[in-house]
Structures are given as structure tokens and as C-alpha cells.
Amino acid sequence: MSNKALKRTILGTIFLVLSILYTILFSPHATIRLLDSYDMLFHLNRVNSLGNILVSPVNFNYWDHVGNFTSVFYPWLTLTPGYFIFKLVSDPIIGFLIFLTLITFLTFVSSYYFMSKFSKDTLQAFLFSIIYTLSFFRVASVFYRVGLAEYISYIFIPLIFYSFAEILSGKFNKWPLFVLGLTLTILTHPLTAFITVIMLIPLVFFVLFSKVSHSFKYWGQLILAGLQSIVLVIIISCGFILPMVEQKRALATNRPALLNLAQMAQKPVDLFNNALHTDVRSYSIGIISLLTIAVILIFIWKDKLKYQIVAIEGLIALFLSTNIFPWHFVQNTFFNLMQFPWRFLNMVTFFFAIYLSHILAKLMKNRSSLTKLSVLILTTIACGSQVYLSGTKVNSQPAPFAIVNSKNADQKIKNFHQEDYYPLQSLPYSNEIKNHKFIVNGKKEKLPFTTTQNSYLVKYYSKDPVKLDIPVLFYKGLDVSINNETISPKISKRGTIQIKTQQGQNNIQIKYHYTRIAIISMSISLVGIVILIWLLVNNGRWSFRKLIKDS
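For clarity, every value in this text was computed on a predicted model and none was experimentally measured.

Caption draft 1: Structural detail: the overall build of the protein chain. Helix and strand counts for the protein chain stand at 22 helices and 12 strands. A compact globule built from 551 residues would reach a C-alpha radius of gyration of about 24 Å, and the protein chain, at 26 Å, matches this within 12%. Reported as C-alpha extents along the three principal axes, the dimensions of the protein chain are approximately 90 × 60 × 55 Å. Out of the 551 residues belonging to the protein chain, those deemed buried represent 54%. When contacts within the protein chain are restricted to residue pairs at least 6 apart in sequence, those whose partners lie at least 24 apart make up 76%. For the protein chain, the exposed area adds up to about 25,400 Å²; of that, 65% sits on carbon and sulfur atoms.

Caption draft 2: Inspection of the nonpolar core at higher detail. Formed by 175 residues in total, the largest nonpolar core has its most connected members in Phe 96 and Ile 510. Per-element tally for this core: the top contributor is helix 17 (residues 345–363), with 12 residues.

Caption draft 3: Structural detail: a nonpolar patch on the surface. Together, Val 197, Ile 201, Phe 205, Leu 208, Phe 209 and Leu 305 give the surface a local cluster of nonpolar side chains, amounting to about 590 Å² of exposed area. Considering each element in turn, the nonpolar patch owes the most residues, 3 residues, to helix 11 (residues 190–206). Counting through the fold element by element, Leu 305 comes out in helix 16 (residues 305–320). Under the relative-accessibility criterion, Leu 305 is labelled partly exposed at 34%.

Caption draft 4: Fine view of the packing of aromatic side chains. Per the stated rule, a full pass over the model turns up 39 aromatic pairs. A centroid spacing of 5.2 Å and a plane angle of 35° characterise the contact between Phe 161 and Phe 350, whose relative ring orientation is tilted. With Phe 161 in helix 9 (residues 157–168) and Phe 350 in helix 17, this pair connects stretches of sequence that are 189 residues apart. With relative accessibility at 8%, the residue Phe 161 sits in the buried group. Summarising the aromatic geometry, the rings of Tyr 283 and Trp 342 are spaced 4.1 Å apart at their centres and angled 10° between planes, so their arrangement reads as stacked. Within this pair, whereas Tyr 283 is found in the loop between helix 14 (268–275) and helix 15 (286–299), its partner Trp 342 is found in the loop between helix 16 and helix 17, the two being separated by 59 residues in sequence. Note on Tyr 283: relative accessible area 11%, which makes it buried. We classify Trp 342 as buried; its relative accessible area is 6%. Of the aromatic side chains, those joined through ring pairs into one cluster are Phe 60, Phe 69, Phe 449, Tyr 456, Tyr 475 and Tyr 512. Residue placement shows Lys 414 over the ring face of Tyr 62; its charged tip is 5.7 Å from the ring centre.

Caption draft 5: Geometry of the pattern of salt bridges. Scanning the model with the defined rule gives 10 salt bridges in all. Where Lys 362 meets Asp 303, a salt bridge forms, and the shortest distance between an N and an O atom there is 3.8 Å. A residue pair is termed long-range when its members are at least 10 positions apart, and Lys 362 in helix 17 and Asp 303 in the loop between helix 15 and helix 16 qualify at 59 residues. Taken together, the shared-partner salt bridges in this structure form one network comprising Glu 432, Lys 444, Asp 469 and Arg 494.

Caption draft 6: Spatial organisation of the sheet that holds strand 6 (residues 455–462). Spatially, 5 strands are ordered 5-6-12-8-9 in an open sheet, and the strand pairing comes out antiparallel. Either end of the sheet is taken by a strand with one partner, and the two such strands are strand 5 (449–451) and strand 9 (485–487). Across the sheet, the mean angle separating the axes of adjacent strands is 25° when strand polarity is ignored. In terms of strand pairing, strand 5 meets strand 6 through 3 bridges, oriented antiparallel. Residue pairing in the sheet places Thr 450 in a bridge with Leu 457 of strand 6.

Cut-offs applied
Residues numbered from 1 in each chain as written. Predicted model: local features only at pLDDT ≥ 70, side-chain atom pairs only at ≥ 80, totals over all residues. Heavy atoms only, no water. Helix = DSSP H or I, 4+ residues; strand = E, 2+ residues; numbered from the N terminus. Rg over C-alpha atoms; globule rule 2.2 N^0.38 Å. Buried < 20%, exposed > 50% of the residue type's maximum accessible area, 1.4 Å probe, protein only. Contact = heavy atoms within 4.5 Å. Areas by Shrake-Rupley, 256 points an atom, 1.4 Å probe, with all protein chains shown as cover. Core = buried A, V, L, I, M, F, W, Y, C linked by side-chain atoms within 4.5 Å. Patch = residues over 30% accessible without salt bridge, like charges linked within 9 Å, V, L, I, M, F, W, Y side chains within 5 Å. Salt bridge = Lys/Arg side-chain N within 4 Å of Asp/Glu carboxyl O. Phe/Tyr/Trp six-rings, centres within 6.5 Å; stacked < 30°, edge-to-face > 60°. Lys NZ or Arg CZ within 6 Å of the ring centre and 35° of its normal. Pairing = 2+ DSSP bridges. Axes fitted to C-alpha atoms, helices over the stretch in contact; angles between N-to-C directions.

Following this line, the structure appears as C-alpha cells:
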């Protein structure tokens, strides 16, 4: 085995062991305690309901069997590995814990790989991967909020900023790599992508201080790379964006909670005080990131430009996470979709981890291998202790909303009810819909029904035709048939499906299909993905010349 292969094996083993220990700490008894909200059940529904996602946007076996359209409003692509793991082990809890281990492992690997590329320093890359993946804020996202999509997106942040830094340094052929990272983030957690783009904007201005940018040719190539990136990101993302816009234009839907940004932003004093403690419910940055501020104030003045920019980016993100920023000015804009300005704290963690790992590696330069190894071990112990203390404190919290285990998981997941993305007119009748109340000629009744992945089935007998309001949400792409004959349903005042039954036996079948716009947009996205793969293989070039030359 070569030295390179041996090093990769050792690193992979370390990252895997740490990932397994992280998961064991998250769920020492193979149960999941819901502390902050029911978001865990929300995400477990998203994963489990992917069985028919290529055929229909709705899986009637999940989301409390009401035909919820969450998969159209919330991207699902990066959840697919979780779905296959779930099916492989036939246990949603064990499946989720394996998926969490994989996510943590990939975060370690991504952090190490792209920092190694950025810094050309193995020690710094390892330190960064440990500090970033075992950060205090990630513990809050995983252990307390259980924000699955959000912490999956953390895998792609190092890729995005590495490729963007390469582009800004004049390596414009790296733009497809940037597209890959940003698109994966959009198709995982759009809010994280939005926050990431905000943090990219200052970098374009900071590059003015670099000599590489002092030519018109540079800016022409940078603009070209930027335009190509924007166009390809839009093309690949349109399979998610256009179907969502189509549904929103067809009917008004309930958006996630609208919160006051100024109130949700962190108070600086509370942010720093909470950083001294191990309670992740405070959504702070933790003591390691707090100490990094002191490190920045000591070393930034004579540091390299790129690391000065990294430090400033971290401080900008910290500023944006607090109520010092006048959030009330953007409250009534699309910024309110962000809900919590403290989401910027992951950006703080990211940039501070880069800077702290850089300083530690710099101080260890020309030191003995034993000293470097000692720093690696001490950093791992320090970050691991932060995770252990924080995780243990979370696990000791009494009175969770619910406890989900292998025995009750299937029932709790399938019967989970949530009203995000509901038709607005359905909200006043949410309890009726949740309790599966049919309305027959104006009278509420409980009727038997069955579901499959693709269909909702009702058998109803009546001597005379009746007006039947079925507790299934009405969206675009609806197919309804009675006795195998297609009919045209109406939307009821509850925002549900209303039909006129026939005399005698009625075998009612409800299905949802992807609309023509959805199919076309997803086809365009597939073409975009093929183009992106081609560009990645061809080093950012559109022509065949490089491949012909290489062959």
C-alpha cells in the first residue's frame, strides 16, 4: 500500500469512527426524542414518501393520507440515499441513524478534501474538518432542531467556497464545480443556498484588493464565468422551481411561519454569554468559535490577504446573525423567508473554522511531527468534548414532545400531520381534514378509505347521486375516477376534492400526476445535469478538443 493510500485509509477510518460516535451520542438507545418541534417526523415523512416520487408528487401512504404536496415545495434530491438506506434496513429509526452517520462522514470528507485543495496543507485540512464538523452550531442543528435538510447542505459549503475562491483567483474553468456545489445546496435546502449567496457577494468586492483582478481581461472572464454559472444553476434547478411556482400560481398555499426577523436575531450580549455554556438551545457559536474571535484580533493584521478576507467574512456573518443589523428594513421582503437570522451562525462557524485551523497550522510550521500530532489530538478532544457535553445536555432534557422508536415509528410517521404548503382555504378546516371527515350533502361523516402509494380509494354506495367532499387536498395535477371513468372534480370551500357521485356503487379513485410544466422542467433539469457532468469531465470547457487531445 502506498503512503497516499495509507493516509487516506487512516483518515477515512478516523472520520468513520468519529461519525459513528457522533450518532451514538445523538441516540444512545436507538430512539429519537423530539425536543424543539416535530421536524424530525416531517423529515422522516419526506424520506419515506419518496417511493413513488418519479411517478407522482404525492404518496398517499404518508402525510396523514391527505395528499400533501410537500415534495413539490421542498426539494428532495439529496434525501434519496436516505430512502434506499431506510428500505435496506426496513426500520426508519435505524435507517435514519445510519443516514446521519453517512451525512456526518461526508461532512468530514468534504471539509478535509476541499480545505486540502484550498490551503495545500494536510494539517490545516484535518483541523478544519474536525472544527467544522464537530462545531457547536451543527450540534444544535442535529441534536436539537433535527434540521435534516439544513445539515445535509453543510456538506456542500466547503465545495462552494473553494470553487468560488478558485474562480476569483483567476481559475475560471472551475465554474462548473461551483455550479455543482450551489445546485446541490439549492436542491437540499434553498434557505442555506440563499444565505450562502449573500456571503459570496462581499468576496467579489474583496478581490479588488488582489493584484490578480487589476485588468479588464480578468473582469471580462469573471463576468462570463458568473453568467454561465447563473444560467446552468437555473437550468438544473428549474425542475424544482417551476413546478413549485406553477402550484403557487394555481392556488394560494400556506407558507412556513412568518416570523419577526428583528426579534429572532440574536442579541450580541446573549450570543456571547450563551457561547460560554453548552446548551445548544441557545443557538450560539460555542466557546471554540468565541475563542476564534480573539485569535482573529491577534493575527489578522499581518496575515495573508485570503485569510484576512476569511476572517472578515466570519465577522460579517456574525454581524448579520444579530439584531445590530437593521432587520426591520427587510421584514416585508423575501428576506422574511429566512425566518431566523441566526442561520448565519453556520457561516460564522465555517469561516472561523477555516481561520482557526489556518493559525494552528501556521504555528505548527517547522515543528516536529510529534508536536503536530499532539495538536491534532488535542483539537479533536476539545471539539469532541464540546459535542459530548452539549449532546449529553440535550439528551437530559425532560418532557420531549414525543419519543420515536422502532416500534412506533411507522405509525407516527404515516399519521404525522402538518399544514405547511396547505391550500390557504383549507387551514380553517384543518382538524376536519386531519380527522378524515367527509361531507355528504352538507353533513359530516366518517367513511372508510384505503390508500396505496399512488392512490386514495373510497367505496361509497348511495341510492341517489350526492355531493361528496373528500378530505384530500386539491392541487393541480389531479385525476379522479368513478368506476374507472374519469370525472372532473371541483375544489370545495375546504380546499379539498368535491365530486358528484353516481347512483348505486361508487368506486372512487384519486391520483396525482406531474403536470406538463413539471415534466418539461424536470426534463430540462436532466439535460442541465448531463451538461454539468460533461463540463466537469472536460475541465470547464464546452468543446471536445481537450478530450480528443487527452485520448
